[in-house]
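Below are the chains, spelled out letter by letter.
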Amino acid sequence: MSDLVKFVQDEFVTKKDFPEFNAGDTITVYYEIKEGEKTRTQFFKGVVIQKRGAGITQTFTIRKMSGSVGVERIFPMNMPALQKVEVNQRGKVRRARIFYFRELTGKKAKIKERRR
């Protein structure tokens, strides 16, 4: 049964080539929004909190501050509306899921940049 599911995923789902990113990275996600007959591109820029899943079911969560309110959004990797992902800054963190980042404020909420 799992071989059949894997075959269908490989054959019919189109994979998009996005740059490699991990938790702690600051990225900008461009996605398409349909409002009635019109479509427009909107972007969401924030810090990657987590990546979860594998293959077709992979998702990633981004957090940004809008004023003094934290906003999180979960994007599926294979969402048809996703157009482009840009990595703005590589972050240096020790964990794969940085949920502790939600409680941090001020200078503590700054993630150091990872050098290459």
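Check the entry above for the structure.
Worth saying up front: this structure is predicted, and the values here are computed from it rather than measured.

Q: Looking at this model, I keep getting lost on the sheet that holds strand β5 (residues 82–89). Mind explaining?
A: Whenever strands of a sheet pair, they do so through backbone hydrogen bonds, lying parallel or antiparallel. If you walk across this open sheet you meet the five strands as β4-β3-β2-β1-β5, and the pairing is antiparallel. Because the sheet does not close on itself, it has two edges, and the strands there are β4 (69–76) and β5. In this sheet, adjacent strand axes meet at a mean angle of 40° when their direction is disregarded. With six bridges connecting them, strand β1 (residues 26–35) and β5 associate as antiparallel partners. In the strand pairing of β5, V29 is matched with V85.

Q: Explain the pairing of β4 here, please?
A: Consecutive side chains along a regular strand alternate between the two faces of the sheet. Sheet topology note: the strand β3 (residues 59–66)/β4 ladder contains eight bridges and is antiparallel. Looking across to β4, one finds that T59 is bridged to P76. Between β3 and β4, which pair antiparallel in sequence order, lie two residues; one of them, G67, sits at a positive phi of approximately 75°.

Q: I'm lost on the side chain of T59 in this one. Help?
A: Mapped onto the elements, T59 comes out in strand β3. Residue class for T59 comes out buried when judged on its relative accessible area of 18%. Leave out the neighbours within four places in its chain, and T59 touches Q50, K51, R52, I74, F75, P76 and M77.

The rules behind each value
Residues numbered from 1 in each chain as written. Predicted model: local features only at pLDDT ≥ 70, side-chain atom pairs only at ≥ 80, totals over all residues. Heavy atoms only, no water. Pairing = 2+ DSSP bridges. Helix = DSSP H or I, 4+ residues; strand = E, 2+ residues; numbered from the N terminus. Axes fitted to C-alpha atoms, helices over the stretch in contact; angles between N-to-C directions. Buried < 20%, exposed > 50% of the residue type's maximum accessible area, 1.4 Å probe, protein only. Contact = heavy atoms within 4.5 Å.

Functional significance is not addressed by these values, which are geometric in nature.
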